[in-house]
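An overview of the molecular structure
For reference, the chains in residue letters:
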Amino acid sequence: MLANKTALVTGSTSGIGLGIAKALARQGANIVLNGFGDSEGPQAEIAALGVQVAYHGADMSKPAEIEDMMKFAASRFGQVDILVNNAGIQHVARVEDFPVERWDAVIAINLSSAFHATRLALPAMRAANWGRIINVASVHGLVASAEKSAYVAAKHGVVGLTKVTALENATTGVTCNAICPGWVLTPLVQKQVDAKAAALGLSDEDAKKQLLGEKEPSMQFTTPEELGELAVFFCSPAGANVRGVAWNMDGGWVAQ
Ligand code: NAD
């Protein structure tokens, strides 16, 4: 379905981003990966799916590096047809204790990076009259939790950016939508499981149960594979008139 298309997925060396990159690659899209840590393993996993893959290590908190990544993707594959704004970090602290430098980093990586990549991707998408921008927000783009001020502010911002981008392109073949996962067992969440286990003297399994029990009625983690399939739907012909939604995949979190 996505042969001859190119998808750039930010923060795709692990977790949800890698899951979405693989799902798009299975549909035939060439992939540009981004993110920190090991990039060789993820590149090999994508190449094994029979598509072309490239990697750019832009730090998503730095607009000049994002610009360089977008130029690299265009020079390597012609243009970016599908942009998945996924890179994100978390920091947990009460507002009055929140380190200013962590606030700035969360806003830069989780929100401003999506603005920069989107503004740079749009001209070529509009010229082609086809494009898909998928923003990985969170249930925290719709509701709040204590001690996550920067993350909740950034994710609510991402949902707002999604709606504006969708509206500004509503008469074109370019759509923009957000995905709002509940708990997904990635390194980002394992850190929160570890903190809970240490604070309450719980086993890893009990800490996971407690985390799920507080918020996610299904008592199941959403998986990167499931989120990848939702991204594929947004890219499919049936998704052409889905514009500006914030679609939660959260085991019932936001239904409560
Ligand atoms: P993860 O830690 O597994 O992956 C984050 C990715 O972003 C990694 O590839 C990392 O290298 C990259 N990254 C971090 N800082 C970066 C930077 N400055 N520049 C470039 N890349 C950077 O986390 P994840 O859980 O897969 O999170 C992916 C996205 O999903 C985030 O936006 C997160 O907020 C969102 N999300 C996660 C959950 C969850 O439960 N895990 C729930 C809702 C939303």
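Scroll up to find the structure this text is about.
Residues numbered from 1 in each chain as written. Predicted model: local features only at pLDDT ≥ 70, side-chain atom pairs only at ≥ 80, totals over all residues. Heavy atoms only, no water.

Points about the site of the ligand
Surrounding the ligand, one finds 30 residues, the nearest of these being Ser14, Asn86, Tyr151, Val184 and Thr186. With respect to the ligand, the side chain of aspartate 59 contributes an N or O atom lying 3.0 Å from a nitrogen atom. Valine 184 is positioned with one of its backbone polar atoms (N or O) 2.7 Å from an oxygen atom of the ligand. Cavity membership is defined here by more than half of the atoms lying within 2 Å of grid points; on that basis the ligand lies in the largest pocket. The set of elements that each furnish at least two residues to the shell around the ligand consists of α1 (15-26), α5 (149-168) and α6 (187-200). Per-element tally for the shell around the ligand: the top contributor is α6, with 3 residues. (Near = heavy atom within 4 Å. Polar contact = N/O pair within 3.5 Å; in protein donor to acceptor, adjacent residues only side chain to side chain. 1 Å grid on protein atoms, 1.4 Å probe; cavity = no way out; pocket = protein on both sides within 12 Å on 5 of 7 lines; lining within 4 Å. Sits in = over half its atoms within 2 Å of the grid points. Helix = DSSP H or I, 4+ residues; strand = E, 2+ residues; numbered from the N terminus.)

Quick notes on the layout of surface pockets
Put simply, the largest pocket is a space of about 1200 Å³. Looking at the largest pocket, it is lined by 50 residues, and the ones nearest its centre are Gly88, Ile89, Gln90, Leu188 and Val189. Listing elements by their share of the lining of the largest pocket, those giving two or more residues are α1, α4 (100-128), α5, α6 and α7 (204-215). Looking at the lining of the largest pocket, the element that brings in the most residues is α6, giving 9 residues. Classifying every residue of the lining of the largest pocket gives 24 nonpolar, 18 polar and 8 charged. (Points joined across faces, edges and corners; volume = space filled by probe spheres on them. Nonpolar A, V, L, I, M, F, W, Y, C, P; charged D, E, K, R; others polar.)

Notes on the sheet that holds strand β1 (residues 6-9)
Taken together, the 7 strands give an open sheet; going across it, the order is β3-β2-β1-β4-β5-β6-β7, and neighbouring strands pair in parallel fashion. Pairing within the sheet leaves two strands with one partner each, and these edge strands are β3 (53-56) and β7 (246-249). Between one strand axis and the next, the sheet turns through 20° on average, direction left out of account. Where strand β4 (residues 82-85) lies against strand β5 (residues 131-136), 4 bridges are found, and the strand directions are parallel. Looking at β5, one finds that leucine 83 is bridged to isoleucine 133. (Pairing = 2+ DSSP bridges. Axes fitted to C-alpha atoms, helices over the stretch in contact; angles between N-to-C directions.)

Observations regarding α4
An ideal rise of 1.5 Å per residue puts 42 Å on 29 residues; α4 measures up with 41 Å between its terminal C-alpha atoms. Helix geometry: α4 is bent most strongly at serine 112, by close to 40°. (Expected span 1.5 Å × (residues − 1). Bend = angle between axes of the 7 residues up to and from the residue.)

Notes on the side chain of aspartate 81
Looking at the element boundaries, aspartate 81 is found in the loop between α3 (63-77) and β4. The side chain of aspartate 81 is buried and forms no salt bridge, while lysine 5, the nearest opposite charge, is found at 5.3 Å. With residues near it in sequence (within four places) discarded, aspartate 81 still touches Asn4, Lys5, Thr6, Met125, Trp130, Gly131 and Arg132. (Buried < 20%, exposed > 50% of the residue type's maximum accessible area, 1.4 Å probe, protein only. Lys, Arg positive; Asp, Glu negative; His and termini not counted. Salt bridge = Lys/Arg side-chain N within 4 Å of Asp/Glu carboxyl O. Contact = heavy atoms within 4.5 Å.)

Description of unusual backbone geometry
One non-glycine residue, glutamate 147, lies in the positive phi region at around 70°. As for its position among the elements, glutamate 147 is in the loop between β5 and α5. The backbone of methionine 219 shows a phi angle near 60°, a positive value even though the residue is not glycine.

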